[in-house]
Amino acid sequence: MAILVTGGCGYIGSHTVVELIKNGYDTVIVDNLYNSDISALDNIQKITGVKPVFYECDIRDKDGLDKIFTENEIEAVIHFAGLKAVGESVAKPLMYYENNVGGTVTLVQSMLEHGVKKIVFSSSATVYGDPDRVPITEDCSLHPTNPYGNTKYMVEMILRDVCVSDPEFSATLLRYFNPIGAHESGLIGEKPNGIPNNLMPRIIRVAKGEAEAITVFGKDYPTPDGTGVRDYIHVVDLAEGHIKALRAAKAGAKEYNLGTGTGYSVLDIINAFEKASGIKIKTLDCPRRPGDIATCYSDPSAAEKELGWKATKTLDEMCVSSWNFAKDK
Ligand code: NAD
Ligand code: WQD
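Described below are features of the structure shown in this document. This is a predicted model, so every value here is computed, not measured. (Residues numbered from 1 in each chain as written. Chains lettered and ligands numbered in written order. Predicted model: local features only at pLDDT ≥ 70, side-chain atom pairs only at ≥ 80, totals over all residues. Heavy atoms only, no water.)

## Overview of the site of ligand 2
Cut-off, in case you're wondering: Proximity is defined per residue: if any heavy atom of the residue lies within 4 Å of a molecule or strand, that residue is considered near it. In protein, a polar contact means a hydrogen-donor-capable atom and an acceptor-capable atom, both N or O and within 3.5 Å, with residues adjacent in sequence counting only if both atoms are side-chain atoms; elsewhere, any N or O pair within 3.5 Å suffices. Here the accessible surface of atoms and residues is derived via Shrake-Rupley with a 1.4 Å probe, and residues count as covered only by protein chains that are part of the display. For helices the rule is a DSSP run of H or I covering at least 4 residues; for strands it is a run of E covering at least 2, with both sets numbered from the N terminus onward.
If you check the shell around ligand 2, you find 19 residues, and the closest are Tyr 148, Arg 202, Thr 215, Arg 230 and Asp 292. In this structure, an oxygen atom belonging to ligand 2 sits 2.8 Å away from a main-chain N or O atom of Leu 199. Side-chain polar atom of Arg 202 to an oxygen atom of ligand 2: 2.5 Å apart, as the coordinates give it. With the chains in place, 87% of the 690 Å² that ligand 2 exposes on its own is no longer accessible. Listed by contribution, the elements that provide at least two residues to the shell around ligand 2 are helix H7 (199–207) and strand E8 (214–217).

## Some thoughts on the site of ligand 1
Rule in force here: Under the grouping applied here, Gly and all other residues not named as nonpolar or charged are polar, the nonpolar ones being Ala, Val, Leu, Ile, Met, Phe, Trp, Tyr, Cys and Pro and the charged ones Asp, Glu, Lys and Arg.
Surrounding ligand 1, one finds 28 residues, the nearest of these being Asp 31, Asn 35, Ser 36, Lys 84 and Tyr 148. Between Ile 12 and ligand 1, the recorded distance is 2.8 Å, taken from a backbone N or O atom to an oxygen atom. Lys 84 has a polar side-chain atom sitting 2.7 Å from an oxygen atom of ligand 1. When ligand 1 is considered free in solution it has 820 Å² of accessible area, and contact with the protein chains removes 95% of it. Looking at the shell around ligand 1, the elements with two or more residues in it are helix H1 (11–22), strand E5 (118–124) and helix H6 (147–165). Here the shell around ligand 1 takes three residues from E5, the largest share from any one element. Class assignment for the residues of the shell around ligand 1 results in 13 nonpolar, ten polar and five charged.

## Here we look at the pairing of strand E2 (residues 26–31)
Selection criterion: Remark: exposure states derive from per-residue accessible area (1.4 Å probe, protein chains only) relative to the maximum for the residue type, with buried under 20%, exposed over 50%, and partly exposed in between. By definition, two strands form a pair when at least two bridges between them are found by DSSP. Looking down the strands as they point away from the viewer, one classifies a crossover as right-handed if the path from the first strand across the helix to the second runs clockwise.
With respect to burial, E2 is a largely interior element, five of its six residues being buried. Relative to E2, strand E1 (residues 2–6) is paired through five bridges, and the arrangement is parallel. Pairing of Leu 4 across the sheet is with Val 28, part of E2. On the question of chirality, the crossover connecting E1 to the parallel E2 by way of H1 is right-handed. Considered for its hand, the β-α-β crossover made up of E2, helix H2 (residues 39–48) and strand E3 (residues 53–56) is right-handed.

## A short note on the nonpolar core
Cut-off, in case you're wondering: Nine residue types can take part in a nonpolar core, namely buried Ala, Val, Leu, Ile, Met, Phe, Trp, Tyr and Cys, and a core is a set of them joined through side-chain atoms within 4.5 Å.
Residues Ile 3, Leu 20 and Leu 246 are the most contacted members of the largest nonpolar core, which totals 36 residues. Contributions of two or more residues to this core are made by E1, H1, H2, strand E4 (74–79), strand E6 (170–176), helix H8 (235–248), strand E11 (252–258) and helix H10 (301–307). Core analysis: the next-biggest nonpolar cluster, separate from the first, contains 27 residues, Val 30, Ile 68, Val 101 and Ala 171 among them.

## Regarding helix H9 (residues 266–277)
This is how it is decided: The length a helix should cover is 1.5 Å for every residue beyond the first. By definition, residues are in contact when any of their heavy atoms lie within 4.5 Å.
Relative to the 16 Å expected for twelve residues at 1.5 Å per residue, H9 spans 16 Å between its end C-alpha atoms, a close match to the ideal helical length. Those residues of H9 that sit buried are Val 266, Ile 269, Ile 270, Ala 272, Phe 273, Glu 274 and Ser 277. In this structure, the buried side of H9 is in contact with H7, E8, strand E10 (232–234), strand E12 (264–265), strand E13 (283–286) and helix H11 (315–326).

## Overview of the packing of helix H3 (residues 62–71) against helix H5 (residues 93–113)
Selection criterion: All axes are obtained by fitting lines to C-alpha atoms, using only the stretch in contact for helices, and the reported angles, taken between N-to-C directions, cover 0 to 180 degrees. Throughout, a crossing is termed right-handed when the near helix is turned clockwise from the far one, and left-handed when it is turned anticlockwise from it by less than a right angle.
In the contact formed by H3 and H5, the axes pass within 9 Å of each other and the chain directions differ by 35°. Note on packing geometry: the crossing formed by H3 with H5 is right-handed. Here Lys 62, Leu 65, Asp 66 and Phe 69 of H3 lie close against H5, whose contacting residues are Thr 106, Leu 107, Gln 109, Ser 110, Met 111 and Glu 113. Across the contact of H3 with H5, the residue classes tally to four nonpolar, three polar and three charged.

Set out below in structure tokens:
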């Protein structure tokens, strides 16, 4: 029996495949390589000694998925495949609904037809929008503020409805906070296409001399140093959370925050990166980025209590590994 990993060549998916293999699981990856590279497979093999079975296929391709489920004995699906750029989702909403929502519907149809009844889904803290309170618990209200966030919210609802319709179906909805960092080998990590939007890849561009300065979006937030506060989590901790979720999964739908529970500001991250890399990062004070919120960090205690999972890696480890991966790419 194997775990089917959709989007397994991507950033979080590739780290999770490594952890799955380390934990003795057989893995099958389906990815259309829209935002990743086939070299991820060789790198997973270099780290683990095992090359996962791979299908280059879009999750909206029902026949392609049926072939995968027919050719492999799949016990569960970890579903990462999706588009994730907030700004792009505002400009191209239908592309996001078609890929993230439509793709999931096709995937779950194929799962059900092949008797596969367990899914672990990549949701996001973005479903909380501007949160009711911090730290955010899973029962905070859900009000995403952009099409990307809406797709995550809609897929959560779809998976809940499938669980109601089929009492044996299990859906674990993992709401990630801000993943950064890379595998310690430096072989896999985040490789954004084009100019990145997220803080860590943008700091890295400055460190590599590809940009002059990091734009600090707002210094007037009601936070200790005036800059935005987020819950950054090491991608390897996040990957381990999927193994725990897979093991603990029960019939029905259940959501968990995957974060550290600690908030760091933009300036905290820049300072930590400077310390980890030994490189001075020039900053440029800019107005707030539209749509940003002041503070967002998790209460991850439900995942600790019910999944037996807790993030353990420090901010220094996140910065060191991010730079170790990116510096010579
Ligand atoms: P990523 O872009 O690196 O990985 C996604 C993978 O899915 C890529 O390899 C891409 O080629 C593939 N893919 C996209 N659409 C596909 C399709 N229709 N069929 C087959 N493959 C397809 O992104 P990531 O950072 O690894 O994120 C993984 C998941 O986690 C996404 O669903 C994302 O929305 C979610 N998530 C990410 C973050 C983050 O900040 N990185 C935070 C919260 C949630
Ligand atoms: C972090 C902080 C910025 C860039 C996004 C998505 C979210 C999730 C993770 C997928 C904020 C500040 C950033 C820069 C800056 N993805 N910043 N200068 O916005 O918390 O979350 O990625 O689900 O859905 O919305 O992450 O890394 O873009 O920003 O000052 O050049 O860094 O204002 O305070 P964000 P981010």
